[in-house]
Structures are given as structure tokens and as C-alpha cells.
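# Structural features, examined
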Amino acid sequence: MFVGVLAVVTCAGVAALFAQRRDAFVASRDHPAIAYARGPVTDPVFQLNRRIQNGTVRLQFDPANGYLRSVLAALDVPIESQSLVFSETSLEAKLINPRNPRAVYFGDTVSVGWVHGSDALELAAQDPVQGVIFYTLAHAPADKPKLTRDDSCLGCHLSWDTLGVPGLFVLSTFPMSDDKNAYANGFVSDHRSPLAERWGGWYVTGTPGSLRHMGNVPVIVHGTPKQGGGSPTLASIENRFDTKSYLSPYSDIVALMVLEHQTRMTNLLTRMGWETRLAAYQRSNAADATPRQRDDAAARVRETVNDVVDYLLFVDEAPFAGTIKGSSGFAEKFSSRTPRDSKGRSLRQLDLDRRLMRYPCSYMIYTAAFDALPPEAKDAIYQRMWRILSGKEADKRYAVLSRADREAIVEILRDTKKDLPAYFQAAAH
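It should be emphasised that the depicted structure is a prediction, and the values quoted were computed from it without experimental measurement.

Below, the discussion takes up the side chain of histidine 31. Tracing the chain through its elements places histidine 31 in the loop between α1 (11–18) and α2 (44–53). On the accessibility criterion, histidine 31 (19% relative accessible area) is buried. Non-local contacts of histidine 31, meaning those with residues more than four positions away in its chain, are made with Leu278 and Tyr281.

What follows concerns the sheet that holds strand β4 (residues 120–127). Spatially, the six strands line up as an open sheet ordered β1-β2-β3-β4-β5-β6, and their pairing is antiparallel. Edge positions in the sheet fall to β1 (83–85) and β6 (148–149), since each of these pairs with one other strand and no more. Alignment of strand β3 (residues 110–114) against β4, held across four bridges, turns out to be antiparallel. Residue pairing for β4: glycine 113 is matched across the bridge by glutamate 122.

On a C-alpha basis, the gap between histidine 31 and leucine 278 in space is 8.3 Å, while along the polypeptide they are 247 residues apart. In this structure the side chain of histidine 31 is engaged in a polar contact, spanning 2.9 Å, whose partner is the backbone nitrogen of alanine 33.

Counting across every chain of the model gives 15 aromatic pairs. Relative to tryptophan 274, the ring of phenylalanine 25 lies with its centre 5.3 Å away and its plane at 75°, an arrangement referred to as edge-to-face. Here the residue phenylalanine 25 occupies a position in the loop between α1 and α2, and tryptophan 274 occupies one in helix α5 (residues 253–284), the gap between them amounting to 249 residues. The two residues phenylalanine 25 and tryptophan 274 agree in class, both being buried. When the centroid spacing of 5.9 Å and the interplanar angle of 75° are considered together, the rings of tyrosine 382 and phenylalanine 424 count as edge-to-face. Linking tyrosine 382 in helix α9 (residues 375–389) with phenylalanine 424 in the segment after α10 (403–416), this pair joins segments that are 42 residues apart in sequence. The exposure class assigned to tyrosine 382 is buried, which follows from its relative accessible area of 1%.

One way to put it is that α9 packs onto α10 with a least axis distance of 10 Å and a crossing angle of 140°. Between α9 and α10, the angle is such that the two are oblique. For the pair α9 and α10, the contacting residues are Met385, Trp386, Ile388 and Leu389 in the first and Arg406, Ile409, Val410 and Leu413 in the second. Its residues assigned to classes, the contact of α9 with α10 shows seven nonpolar, no polar and one charged.

Here we come to α10. Think of an α-helix as turning once every 3.6 residues; residues three or four places apart then point the same way. Taking 1.5 Å of rise per residue, 14 residues should cover 20 Å, and α10 covers 20 Å from first to last C-alpha, within 8% of that figure. For α10, every residue scored as buried is listed here: Asp405, Arg406, Ala408, Ile409, Val410, Ile412, Leu413 and Thr416. The inward-facing, buried residues of α10 abut α9.

This paragraph deals with the pattern of salt bridges. Scanning the model with the defined rule gives 26 salt bridges in all. Its salt-bridge partner being aspartate 371, residue lysine 417 comes within 2.6 Å of it at the nearest N-O pair. Within this pair, whereas lysine 417 is found in the segment after α10, its partner aspartate 371 is found in helix α8 (residues 368–371), the two being separated by 46 residues in sequence. Assessed through its relative accessible area of 36%, aspartate 371 is described here as partly exposed. A salt bridge links lysine 417 to aspartate 419, with the shortest nitrogen-to-oxygen separation between them at 3.3 Å. A residue is classified by how much of its surface remains accessible, and lysine 417, at 7% relative accessible area, is buried. Accessibility expressed as a relative area gives 30% for aspartate 419, which makes it partly exposed.

In this model, helix α6 (residues 291–312) (22 residues) spans 32 Å end to end at C-alpha, consistent with the 32 Å of a helix rising 1.5 Å per residue. Turning to α6, its buried residues number three or more, namely Ala297, Ala299, Arg300, Val301, Thr304, Val305, Val308, Val309, Asp310, Tyr311 and Leu312. Tucked into the core, α6 has its buried residues touching α5 and α9. Taken from the residues just after α6, phenylalanine 314 is the one with a positive phi, measuring 55°.

Further remarks concern the side chain of histidine 191. In this structure, histidine 191 sits in the loop between β9 (186–189) and β10 (207–208). The exposure class of histidine 191 is buried, given its relative accessible area of 3%. Filtering out sequence-adjacent residues up to four positions away, histidine 191 remains in contact with Arg198, His261, Tyr311, Phe314, Glu317 and Ala318.

Moving on, we get to the environment of leucine 256. By the element assignment, leucine 256 lies in helix α5. A C-alpha to C-alpha distance of 9.8 Å links leucine 256 and valine 104, two positions 152 residues apart in sequence.

So, on to the confidence of the model for the protein. Taken over all residues, the pLDDT of the protein has a mean of 90, while the share at 70 or more is 89%. Every residue in residues 3–20 is under pLDDT 50, and counting partners more than four places away or in other chains gives 34 contacts.

Calculation criteria
Residues numbered from 1 in each chain as written. Predicted model: local features only at pLDDT ≥ 70, side-chain atom pairs only at ≥ 80, totals over all residues. Heavy atoms only, no water. Helix = DSSP H or I, 4+ residues; strand = E, 2+ residues; numbered from the N terminus. Buried < 20%, exposed > 50% of the residue type's maximum accessible area, 1.4 Å probe, protein only. Contact = heavy atoms within 4.5 Å. Pairing = 2+ DSSP bridges. Polar contact = N/O pair within 3.5 Å; in protein donor to acceptor, adjacent residues only side chain to side chain. Phe/Tyr/Trp six-rings, centres within 6.5 Å; stacked < 30°, edge-to-face > 60°. Axes fitted to C-alpha atoms, helices over the stretch in contact; angles between N-to-C directions. Parallel < 35°, antiparallel > 145°, perpendicular 65-115°, else oblique. Nonpolar A, V, L, I, M, F, W, Y, C, P; charged D, E, K, R; others polar. Expected span 1.5 Å × (residues − 1). Salt bridge = Lys/Arg side-chain N within 4 Å of Asp/Glu carboxyl O. pLDDT = per-residue confidence, 0-100.

Structure representation (C-alpha cells):
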């Protein structure tokens, strides 16, 4: 829907594929413990729709890009987050090409996709309990335009790449032949991915340091595709195509990096909630699960806790080489947002010399999705975080977090996270 797809997989096919895996949710999204299709939601797009229908919000229609600008303002999504993908790998594939890329805009819990010439906006919002919910908004003037839930997006957005839950991903596409029988190929990227393997099929503006990436070059080529090679550094995309319908002449490298981090973090939080709810259901409904299934569900919860905490603390982040600089002002806008501790520090402060974040703990810990996790899941996450941040974890892979890093993270969380357990008041060492 938003950021590309390799293949459409049926729900039955997804279940069969995941049945042998331990690192993705394997039960049905319609399981009684989940009830994705029929459970109540309170996500930001659902809330916006209510305000539109009761008249407290009025969207303004623009002939050039429909409700795009008005929707972004209503959802507090910055224009500076604009990221442009031109690989033909989504539901709007027939419209997308290097001269008419898809624009993706995002905040912490909502994303908006727009393609020039499309008849609708596409939106995805992280519900605190149910995970990512997908919506469309028709490009047609109306007194009270309606945002319509669209579960058909799950054909691409519920897969191994989203950890078996409705989610988001950033796809880097390899060059492919213009042969009509050629098949798109690529991989999902996040903050663990080397920069050399990121952004195939995307425009990238700004300075990538001394590392090369896969962006800014065609993905459909005549003859036999060549992988690798250089990607030009672009200050803007103004000379690449007609940009008058777009809200910004940038596809900011820093915005792309934050988006990559955020997509997997979003999916991990959803999986954490779903695994915990499923395990609780099986404990309470013994007739619906065998002892082995209950043991497996409990193991999945423990493993997901480890995955969430490792990713939350950027333990496996790919190294940088040289200073990365954005182009649109996204970095400044992103970092200016609160909360801050008594020393003025924030988990939203960027580094961009050595790593993405100055203090390697994800700002997604402040989202409603984290706060809405079942208490046993949140308790387990905090316990695991404290073991690492206090220096008690002996595994050498956590040495990437220096004592100064760990102390700063703990101090920031003490001042800014209201439900932080009391044991975080002890000193890290």
C-alpha cells in the first residue's frame, strides 16, 4: 500500500508459511483473542473521521492533490517527512514511475500515501490495541468526506515482512529488466540494514556521508540489470520531474531513516500485544489449547520481549560512516518535539554522525501502542530494559551501549515516562 510489496499472499498462505517460524505471529487475526476485523479501534484516523462527521473538523479540497494537505494538517503529520518511492510495487503500480513517484508522509503513529493521478489517498494508523488499520479517502469534493477502512491492504501488509501482524515496511528494490515477465525483487530495510542495501526504488535527498546507497537510480532497465554501482547525491528532486503537485521538492534521507526504524518498531509493538493476548486467552481457555500450544505461546511472548527491547535500544543498528545530513528540515522538526528531561535531553534528538539517535532508545516508547500493551508484557519489557541499562546483562552484544548511553537513557526515562517502574531509580553501572 505505502512502501512497496514483493508479493500478495493469502491469509491461508501466510498461516502455512509462518507455522514453522517462531519469530512472527502465527495465529489468525480473527482469533477471539485478537478480533482484528471486528474489535473496536481508537486510532488517529478513526478519531479524525469522527471529528469530520460531527463537524468539528472540515477538510479543504485542492484540485492539485485533493485532501492531502488538509489531512496532513489535521493529523499533525509534517510535510517535511515526505519520502518518494518510484518502484512499481504497490496497488498504484500503474501510476508510479520515476517521473510520478508515490509520496509517503508520516508521524509517529500515522502514515499517508499519495500518488498524482490516483482517485484516493491511502492512510495507515497504529491503533493502540489492534495494530495498524488501513483507510482510504476518495479524491472527490464533499461536505463531509469519509475515511473508509480498507482491509484489502492486508494482502500485502500482513506477511512475514510485518512479523505476521498488520503492519508497515520499507522495501528496497533491486534493478530489474524491462521484460514484461520480469519479477520485482528486493528486501525490507530498517535501522539494522547497511546503508549500501537501502532505498532501491526511492529518491533520496541530502548527504549520505561516505556510504553509498541504492537510491536515485532506475529500477527498471533495458537488458540485464546490474546491481551495485554509484547513486547520485541529490540536494532536491526539482530537476528530476515536474514537482508542482508535490508539497515538497525533497525526499529527505533523515526522514527515510526514521521511517525505516519506525515501521519495524510499530510491527514489534503490535506483535507484542497480540502474542500476550493470545497466551492469556489460552491460559484462560484450556479446552481451546493443548499444553504444548500454551507452552509455545508463552515462549513466543518471552522471545518477542527480547526482540522488542533489542530493537528499542538499537542494539543491532548498522554503523554509519561520515555525517548524514537531511535536506527538508525534517531533522530539526522531528528533534524539536517533546518530551524533554530536566536537562533538556530528549529521545527524539538525532545524532547522524555515529548512529541515528543521540540517545539509543526509541521515542516509540511514548506511543499509545506501548502504553496500551498488556501489563504483563510491559512489565517484562521494562525488566529486560533494566537488566541491560543497569549493566547486569553480561552478553557482549550489549556492549554497544556505553555506560554514558545507558545512564542518559535511564535519566531521560525517569523524567519523561510516567509509568516507569520504581527500580529505574537505581543507578546504572
